[in-house]
Amino acid sequence: MVAINRKRKAVTRDVAEDPIAAPGDEFTGGDLEGVLSQSEDESYHSGSNSEEELEEEEDEVDGEGDDSELEEDLEVSEDDDEDIREQMRNLQTSNPPPSHTNGTNGDLQNGQDFSDNDLDRFEDDSPNYTVTTDANGNTRYIYKEIDPVYDSDDSDAAAGVNTIGDIPLSFYDSYPHIGYDINGKKIMRPAKGAALDSLLDSIEFPKGWTGLTDPATGKPLNLSREELEILKKVTRNELPEEGYDPYPDMIEYFSGKLEVMPLSAAPEPKRRFVPSKHEAKRVMKIVKAIREGRIKPYTPPVEQENEDPELINYDIWADEVPRPDHIMNIPAPKLPPPGYADSYHPPPEYLPDQQEKAAWDSTDPEDRDKEYLPTDFGALRKVPGYDNVKMTFERCLDLYLAPRVRRSKLNIDPESLLPKLPSPDELRPFPTVCANIFRDHQGRVRSVSVDPTGTLVASGADDGYVRVWEMLTGRQLWNKKLSDDEAVDVVTWRPSKDTAIIAAAAGETVYFTIPFGLHTVNPEIEQASREVLDSGFGYQANKPTTETNINKEPTATWSRPSTSLTNDGVLLTASVRSTIKVITWHRRGDYFATVSPKGQSHAVAIHTLSKHLTQLPFRKLKGLAQTAQFHPSKPIFFVATQRNIRSYDLSAQTLLKIMQPGARWISSIDVHPGGDNLIVGSYDRRLLWHDMDLSTKPYKTLRYHQKAIRAVKFHQGGLPLFADASDDGSLQIFHGKVVGDLMENATIVPLKVLRGHVEKGALGVLGLDWHPRHPWCVSAGADGSCRVWC
Amino acid sequence: MELDAPNESEKTSQVRIKLTTRDSDVQLLETAPILVSTALRRYALSTLVNNLLESEKPVPFEFLINGQFLRTSIDEFLTANGISAERTLTVEYVRALIPPVHISSYEHDDWVSSVNVLATDSRARILSSSYDGLLRIWNTTNTDLLATSPSARDNGHTAAVKAVKWLTEKKIASSGDDRTIRIWNYVEDEGSAAAITPVLELYGHKMTVGDIAIHTPTSQILSASADGRVGLWSTSKTTAPTAPTSLLPTASSSANKRRKLAKADNKQVSQRGPLSMLDGHTDVVSSTIFKHDDPTVGYSASWDHSVRTWDLTTSRLVDTRTTLHPLLSLTEMPQVSLLATGTTARHITLLDPRASSSKVSALTLRGHANAVSSLAVDPKSQFGLLSGSHDGSCRVWDIRSVRSVASGGGGGDGGQVGESVYVIYREGVEGVKQRAVGGEGVKVFGVDWREGVGIVSAGEDKRVQVNRPEGKQ
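Residues numbered from 1 in each chain as written. Chains lettered and ligands numbered in written order. Predicted model: local features only at pLDDT ≥ 70, side-chain atom pairs only at ≥ 80, totals over all residues. Heavy atoms only, no water.

## Describing the overall build of chain A
Working step 1: Each helix and strand in chain A was counted, giving 13 helices and 35 strands.
Working step 2: In chain A, which comprises 790 residues, the share counted as buried stands at 35%.
Working step 3: Across chain A, every contact between residues at least 6 apart in sequence was considered, and the portion connecting residues at least 24 apart equals 50%.
Working step 4: Here chain A displays about 50800 Å² of accessible surface, and carbon together with sulfur accounts for 53% of that area. (Helix = DSSP H or I, 4+ residues; strand = E, 2+ residues; numbered from the N terminus. Buried < 20%, exposed > 50% of the residue type's maximum accessible area, 1.4 Å probe, protein only. Contact = heavy atoms within 4.5 Å. Areas by Shrake-Rupley, 256 points an atom, 1.4 Å probe, with all protein chains shown as cover.)

Dropping the structure here:
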């Protein structure tokens with residue numbers, strides 16, 4: 001066996017050398033002969049050399065084996081030498097095989113051929129070429145094909161490789177050959193079995209049948225089971241090798257188990273149980289990288305279906321403009337022009353026969369290869385218009401049904417955009433109906449005021465009367481004419497339950513009245529009220545000596561009125577320089593402020609009732625003073641001019657804030673009992689809510705009236721209500737809830753429009769007041785009536 | 001049953017009804033459902049019930065189905081209310097309230113603030129108080145003015161009188177804006193001479209005394225004042241304590257001056273103070289009553305939304321029932337243990353004052369268009385109620401006529417709501433003005449309802465008006 005092995009190797013070597021000589025084939029010219037002989041020699045030498053080398057190698061390799069065998073080997077090799085030389089000769093002179101085959105048939109044929117050639121060679125010793133003349137008349141040597149001997153299994157020489165390149169084999173369909181080998185020889189089409197054979201083959205699959213044809217050879221491609229197995233593994237990205245375990249069990253050489261015979265006797269190093277600093281460092285590095293986002297966590301790759309979303313396809317001819325012909329301009333491929341079949345009068349050969357027509361009709365419209373069956377109309381005018389219409393319709397339908405981007409319409413319920421306001425029904429109680437009408441005044445009622453006990457209403461009108469009414473029954477209990485020629489502009493009760501004093505202003509005089517005879521004026525209260533009014537007389541008597549007002553007239557004159565007034569309870573008057581339009585009390589009832597808008601530097605005066613003292617703290621007001629009010633709890637005073645509202649700290653005598661409601665002409669203001677909010681009514685029909693903590697601009701503007709707003713008022717008795725009175729004869733009631741939480745804004749809900757007052761002389765409702773506890777409000781109308789709303 | 005036969009010929013459908021009543025004296029013996037024609041009306045049903053009762057003298061009945069009075073035929077009623085005629089209908093029959101008609105009016109010089117009727121076997125007298133500070137006594141038979149109280153100069157009320165009550169046949173109590181309660185003697189001769197003479201002036205309230213309640217056997221008076229207190233007074237000179245000097249008119253300089261201007265030879269009327277003053281209300285006390293069977297218990301209604309129960313012997317507050325609205329009037333319906341109170345929110349709330357009841361409001365009676373200023377109970381029916389309101393109308397209610405409503409709507413407490421049976425408008429006032437905005441000129445301030453006299457109401461139209469069911473004395 002070894003001998004055969006060795007022989008084969010040797011031959012292999014020889015043939016391997018052969019291709020070096022073979023290229024000589026391609027050379028033309030006289031040198032070839034010499035070259036050939038030379039090559040023969042070389043091949044010979046090389047053959048022997050190689051043999052010796054081999055033997056030496058074998059010696060080295062088998063050196064350890066038996067000597068006898070070696071000797072035997074040597075002998076054999078020597079015997080073989082002659083054979084090999086002969087074979088070499090045979091090899092060089094053998095005829096070309098009719099075809100290159102891998103199959104067994106071919107091998108058999110080759111074997112036969114070789115035997116024939118061998119015979120021939122021994123018979124004639126003719127040169128191995130023939131001389132012919134080529135097309136030019138030159139001599140041409142045609143050498144015989146070098147035929148490798150039968151048992152030279154040449155693996156290097158790619159036997160029968162088709163050199164036609166990347167050309168479909170179908171090009172050779174009409175030829176007996178299927179291509180050319182490296183030597184330019186035709187590779188003949190393998191003999192194909194008869195139709196019966198292929199049928200048999202198809203019925204009974206031969207072993208390893210794949211149904212494929214080897215494109216290189218044109219023969220059926222047979223794969224053995226092992227090859228298939230390997231292919232399968234390759235397609236699965238597995239190792240093709242058999243029996244390879246990619247996940248072998250781990251052998252724990254170093255485990256916590258104490259081995260009887262440890263691999264190392266060394267004591268366990270510290271690093272085994274001390275956490276590695278280096279690893280910690282690396283981990284921290286990775287952690288840091290993850291935190292910074294340099295390392296992204298693994299996400300399984302998204303299975304991409306057919307289309308890569310990142311792959312953008314551009315339709316470069318989408319909006320193609322006709323351009324001059326240029327090499328860089330690739331025009332859009334043209335649609336094939338209509339052929340004969342599309343003609344309305346096609347040649348008869350394009351017309352379908354009955355069978356084709358039936359076939360066309362029977363197939364589904366989607367499956368037809370042509371949409372249009374050639375029809376002969378004979379003339380264009382005979383083409384029915386309907387088809388055109390239908391075609392147009394279908395095209396439009398195509399366009400219409402073509403998938404487009406679905407645009408979601410913005411579908412918002414307009415109700416949802418409205419602010420969420422509670423329903424007025426939930427905000428009860430608030431005044432809804434007129435419960436009472438007080439009619440007795442001649443001329444406009446300018447002002448109303450509910451007394452601190454909540455049972456009486458005082459009203460002042462243009463007729464100069466102050467009248468007091470029972471709130472619920474509407475009975476007039478008391479009245480007094482203060483002035484014959486001046487209207488009573490403002491009436492207010494002193495804010496104290498211990499006294500019953502009405503302060504009413506007619507012209508430039510404030511009249512302080514104790515309405516004797518009213519049920520609230522019992523002897524105790526009468527006495528207390530008298531004391532309040534009279535206490536200042538002594539003070540005034542003492543004062544003038546020190547600070548005399550010689551050079552200028554006094555800011556106000558406090559005096560006891562005439563007896564006719566005194567008998568009816570008007571016990572004190574205070575006169576300033578110009579007509580008083582507003583009286584506003586400090587909550588304790590000692591201080592009150594009067595505003596006379598035309599008074600210029602004397603416009604706003606703060607009076608001390610207990611001292612009969614008048615001060616003019618705001619000498620230089622910018623703009624006409626309209627109204628003023630004390631802060632309900634702090635020593636802060638609000639003065640409203642036409643455009644602005646200024647708040648002053650009375651104790652520190654500083655200006656705190658200037659609020660700009662944005663109204664053109666402020667008519668009235670009221671401060672929320674909490675002290676942080678302010679409502680402003682203006683002659684330009686606006687009601688403005690100021691959150692003084694929020695901004696100097698109004699938090700909310702309510703413009704619901706048709707005409708100027710005359711009066712605004714907060715409910716002072718704990719109900720979250722406020723109201724305004726307007727020249728359009730209506731009052732509007734609002735819910736205005738202020739939450740203690742600074743983060744939450746006030747809730748303002750319009751509740752009710754109270755109509756009833758009649759407009760008279762472009763004036764509607766002039767005054768307004770709330771009951772101190774109940775949700776009742778009183779309004780003063782220009783029509784001479786007051787109304788109570790419950 | 002007898003009525004079925006003639007109706008069957010008219011091919012009308014029939015309905016099964018079950019007759020019930022809450023009046024024990026007209027109870028039916030057999031209570032099984034009977035089949036009647038749906039074409040029947042109130043009168044036919046009333047005849048049927050009278051037949052079933054076998055009463056000698058027919059009693060007119062009204063019929064309540066689901067809390068509503070039957071005013072049409074049964075068929076129309078069923079259709080209007082969507083009730084199936086196949087169900088057994090529970091029909092409650094009640095003694096019919098005959099529509100009250102105007103009998104007479106008593107003209108006054110000023111607004112009449114309250115009215116009280118004395119009805120004894122021998123005579124019936126109407127006592128009225130007016131805003132001019134005078135009390136007047138009227139004869140009901142011939143609408144004559146029998147007597148007028150003395151004026152302020154002669155120890156009369158110095159301001160409007162707000163409430164007046166008969167203490168006995170010969171004694172009158174009144175209160176008013178002059179913060180006093182005055183006791184008067186009334187002497188009436190057989191002939192014409194009748195006189196009211198002041199007996200006692202009771203001082204103690206600091207504001208108007210809007211309402212008084214009397215208890216004749218103990219000679220005690222409860223007063224409701226705008227100063228937020230309820231006063232308990234004695235009507236006898238001997239038992240009453242002395243008056244607080246600071247509240248006497250002598251303490252007031254203005255009143256003194258007026259007094260000096262008045263006659264100097266006026267003899268002084270005794271002045272007394274309260275037995276006790278009950279503090280607790282935070283607002284005007286508008287009305288007060290004694291418990292009907294217990295003079296030691298008083299109830300008071302106030303603008304502070306509450307009805308309070310007082311133990312008068314210890315002057316202690318026993319219970320507080322808080323409603324949603326200021327209250328103006330109060331009366332007790334003894335047999336059904338309810339307090340009726342009129343509110344400024346235009347309705348009447350019925351409360352159960354007993355400690356066992358958990359609900360604040362038992363029933364709400366809606367219909368008035370303005371504050372309900374006074375209340376009176378039906379002398380004949382335990383379920384009848386009369387109310388006078390500032391909207392210028394008096395309404396008669398039957399609290400059996402109720403229906404349930406969902407809560408909300410109108411600020412009520414929900415629950416059961418009743419509707420009025422009859423509405424009495426002011427007589428002699430034009431129809432347009434009867435429903436004047438704010439009850440202007442027609443407000444009713446006081447009502448009373450006595451058997452034999454009828455419904456007596458007083459108001460802003462300066463009249464006392466008597467209405468009575470027709471055909472009955």
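Picking up after the structure, the text goes on.
## Comments concerning the overall build of chain B
Working step 1: Helices and strands together make up the secondary structure of chain B, namely five helices and 34 strands.
Working step 2: Residue burial in chain B is summarised as follows: out of 473 residues, 56% are buried.
Working step 3: Sequence separation of 24 or more characterises 56% of the internal contacts of chain B that already satisfy a separation of 6 or more.
Working step 4: If you sum the accessible surface of chain B, you get close to 19600 Å²; carbon and sulfur atoms cover 50% of it.

## Thoughts on a nonpolar patch on the surface
All names here are of chain A.
Working step 1: Residues Ile 251, Tyr 253, Phe 254 and Leu 263 make up a contiguous nonpolar surface patch of roughly 520 Å² in combined accessible area.
Working step 2: Examined against the element boundaries, Tyr 253 turns out to sit in the loop between helix H6 (225-235) and helix H7 (270-273).
Working step 3: Residue classification places Tyr 253 among the exposed residues on the basis of a relative accessible area of 52%. (Patch = residues over 30% accessible without salt bridge, like charges linked within 9 Å, V, L, I, M, F, W, Y side chains within 5 Å. Salt bridge = Lys/Arg side-chain N within 4 Å of Asp/Glu carboxyl O.)

## Quick look at the confidence of the model for chain B
Residues and elements named next belong to chain B.
Working step 1: For chain B, per-residue confidence averages 85 on the pLDDT scale, and residues scoring 70 or more make up 90% of the total.
Working step 2: Per-residue pLDDT stays below 50 along residues 1-10; that stretch engages in twelve contacts with residues further than four places along the chain or on separate chains.
Working step 3: The ipTM, which scores confidence in the relative placement of chains, is 0.88 for this predicted complex, and the corresponding pTM is 0.66. (pLDDT = per-residue confidence, 0-100.)

## Observations regarding the sheet that holds strand E6 (residues 100-107) of chain B
All names here are of chain B.
Working step 1: The strand order across the open sheet formed by four strands is E6-E34-E33-E32, and the pairing between neighbours is antiparallel. On the outer flanks of this sheet lie E6 and strand E32 (444-450), each paired with one strand and no other. Averaged over neighbouring strand pairs, the angle between their axes works out to 20° when direction is ignored.
Working step 2: Pairing of E32 with strand E33 (residues 454-459), which is carried by six bridges, proceeds in the antiparallel orientation. Residue pairing across strands places Val 444 opposite Gly 459, the latter belonging to E33. (Pairing = 2+ DSSP bridges. Axes fitted to C-alpha atoms, helices over the stretch in contact; angles between N-to-C directions.)

## Remarks on the nonpolar core
All names here are of chain A.
Working step 1: In this structure, Phe 512, Ile 583 and Leu 609 are the most contacted members of the largest nonpolar core, which totals 40 residues.
Working step 2: Every element with two or more residues in this core is listed here: strand E9 (456-461), strand E10 (465-470), strand E12 (488-493), strand E13 (502-506), strand E14 (509-513), helix H12 (523-542), strand E16 (570-575) and strand E17 (582-585).
Working step 3: Here the element with the most residues in this core is E13; it accounts for five residues.
Working step 4: Those residues in contact with Ile 583 that lie beyond four places of it in its chain are Val 490, Thr 492, Ala 503, Ala 504, Ala 505, Val 510, Phe 592, Ala 593 and Thr 594. (Core = buried A, V, L, I, M, F, W, Y, C linked by side-chain atoms within 4.5 Å.)

## Things to note about helix H8 (residues 277-292) of chain A
All names here are of chain A.
Working step 1: For H8, spanning 16 residues, the distance from its first C-alpha to its last is 22 Å, which sits close to the expected 22 Å at 1.5 Å a residue.
Working step 2: For H8, the buried fraction is low: one of the 16 residues fall into the buried class.
Working step 3: The backbone nitrogen of His 278 lies 3.2 Å from a side-chain oxygen of the residue at the head of H8, namely Ser 276. (Expected span 1.5 Å × (residues − 1). Polar contact = N/O pair within 3.5 Å; in protein donor to acceptor, adjacent residues only side chain to side chain.)

## With respect to the interface of chain B and chain A
Working step 1: Chain B puts 36 residues into the contact, and the matching count from chain A is 36 residues.
Working step 2: Counting each side, the surface lost to burial between chain B and chain A is near 2900 Å², with a carbon and sulfur contribution of 52%.
Working step 3: Ranking the residues of chain B by area buried against chain A places Met 207, Trp 303 and Glu 440 of chain B at the top, with a combined share of 17%.
Working step 4: Seen at the junction of chain B and chain A, the total is five salt bridges.
Working step 5: At the boundary of chain B and chain A, one finds 19 residue pairs in polar contact (both at pLDDT 80 or more).
Working step 6: Ranked by residue count, the leading element in the side of chain B that touches chain A is helix H4 (residues 253-261) of chain B, at four residues.
Working step 7: Taken together, the residues of the side of chain B that touches chain A break down into 13 nonpolar, twelve polar and eleven charged. (Buried area = accessible area lost by both parts, 1.4 Å probe. Nonpolar A, V, L, I, M, F, W, Y, C, P; charged D, E, K, R; others polar.)

## Side note on the confidence of the model for chain A
Residue and element names in this part refer to chain A.
Working step 1: Within chain A, residue pLDDT values average 79, and 78% of them lie at 70 or more.
Working step 2: Confidence drops under pLDDT 50 across residues 1-78; counting only partners more than four residues distant or on other chains, this segment forms 46 contacts.
Working step 3: In the predicted structure, residues 92-123 sits below a pLDDT of 50 and forms 43 contacts with residues beyond four places in sequence or in another chain.

## Let's talk about unusual backbone geometry
Working step 1: In this chain, Arg 428 of chain A is followed by Pro 429 of chain A through a cis amide linkage whose omega measures 5°.
Working step 2: If you check the backbone angles, Arg 179 of chain B has positive phi at about 70° while not being a glycine.
Working step 3: Relative to the assigned elements, Arg 179 of chain B resides in the loop between strand E12 (171-176) and strand E13 (181-188).

## Comments concerning the packing of aromatic side chains
Residues and elements named next belong to chain A.
Working step 1: For the structure shown, the criterion picks out 24 aromatic pairs over all chains.
Working step 2: Seen in terms of ring centroids, Trp 558 and Phe 592 are 6.2 Å apart; in terms of plane orientation they differ by 70°. Their pairing is edge-to-face. You can see Trp 558 sitting in strand E15 (residues 557-559) and its partner Phe 592 sitting in strand E18 (residues 591-595), a full 34 residues away along the chain.
Working step 3: A network of ring pairs unites the aromatic residues Trp 689, Tyr 704, Phe 714, Phe 722 and Phe 734 as a single cluster.
Working step 4: The cationic tip of Arg 467 hangs over the ring face of Tyr 465; the distance from NZ or CZ to the ring centre is 4.4 Å. (Phe/Tyr/Trp six-rings, centres within 6.5 Å; stacked < 30°, edge-to-face > 60°. Lys NZ or Arg CZ within 6 Å of the ring centre and 35° of its normal.)

## Section: helix H3 (residues 74-81) of chain B
Residues and elements named next belong to chain B.
Working step 1: Listed in full, the buried residues belonging to H3 are Ile 74, Phe 77 and Leu 78. Seen from one end, H3 has its buried residues packed into an arc of 100°, which puts them on one side. Turned more than 90 degrees from where H3 packs its buried face, Thr 79 and Ala 80 sit exposed.
Working step 2: Tucked into the core, H3 has its buried residues touching strand E1 (14-20), strand E2 (34-37), helix H2 (42-53), strand E3 (61-65), strand E4 (68-69) and strand E5 (88-95).
Working step 3: Gly 82, located one to two residues past H3, shows a positive phi value of around 65°. (Arc of directions from axis to C-beta.)

## Observations regarding a positive patch on the surface
Residue and element names in this part refer to chain A.
Working step 1: A cluster of basic side chains, namely Lys 270, Lys 277, Lys 281, Arg 282 and Lys 285, defines a positive patch on the protein surface.
Working step 2: With respect to the element layout, Lys 285 can be found in helix H8.
Working step 3: Of the residues examined, Lys 285 reaches a relative accessible area of 63% and is grouped as exposed. (Lys, Arg positive; Asp, Glu negative; His and termini not counted. Charge placed at Lys NZ, Arg CZ, Asp CG, Glu CD.)

## Observations regarding the sheet that holds strand E21 (residues 294-302) of chain B
All names here are of chain B.
Working step 1: Across the sheet, four strands lie side by side as E20-E21-E22-E23; this open sheet has antiparallel pairing. Two strands bound the open sheet, and with one partner strand each, they are strand E20 (285-291) and strand E23 (316-322). Averaged over all neighbouring strand pairs, the angle between strand axes comes to 20°, with direction disregarded.
Working step 2: Of the strand pairs in this sheet, E21 and strand E22 (residues 306-311) are connected by five bridges, and their pairing is antiparallel. Bridge pairing in E22 links Gly 298 to Trp 310.

## Comments concerning the side chain of His 586 of chain A
Working step 1: By secondary structure assignment, the location of His 586 of chain A is in the loop between E17 and E18.
Working step 2: Look past the residues within four positions of His 586 of chain A in its chain and what remains in contact with it is Pro 495, Tyr 591, Phe 592 and Phe 630 of chain A.

## Structural notes on the pairing of E21 of chain B
Within a regular beta strand, the side chains point alternately toward one face of the sheet and then the other, so they alternate between its two faces.
Residue and element names in this part refer to chain B.
Working step 1: Two strands pair when backbone bridges link them, and E20 and E21 are joined in this way by six bridges, in the antiparallel orientation. Pairing of Ile 289 across the sheet is with Tyr 299, part of E21.
Working step 2: Counted along the chain from E20 to the antiparallel partner E21, the turn is two residues long.
Working step 3: Between E21 and the antiparallel strand that follows it, E22, lie three residues; His 305 among them carries a positive phi value of about 75°.

## Side note on the pattern of salt bridges
Side-chain pairs of opposite charge can arise where the charged atoms are in close proximity.
Working step 1: The full count for this structure, using the stated rule, is 39 salt bridges over all chains.
Working step 2: Residue Lys 162 of chain B is joined to Glu 470 of chain A by a salt bridge in which the shortest nitrogen-to-oxygen separation is 2.4 Å. Taken together, the residues Lys 162 of chain B in strand E11 (residues 161-166) and Glu 470 of chain A in strand E10 connect one chain to another.
Working step 3: Note that Asp 109 of chain B and Arg 136 of chain B form a salt bridge whose closest N and O atoms lie 3.3 Å from each other. Linking Asp 109 of chain B in the loop between E6 and strand E7 (112-119) with Arg 136 of chain B in strand E9 (residues 135-139), this pair joins segments that are 27 residues apart in sequence.
Working step 4: Using a relative accessible area of 60% as the deciding quantity, one classes Asp 109 of chain B as exposed.
Working step 5: Exposure remark for Arg 136 of chain B: the relative accessible area of 4% places this residue in the buried category.
Working step 6: Members of the salt-bridge network, linked through shared partners, are Arg 444, Arg 446, Asp 462, Asp 489 and Lys 581 of chain A.

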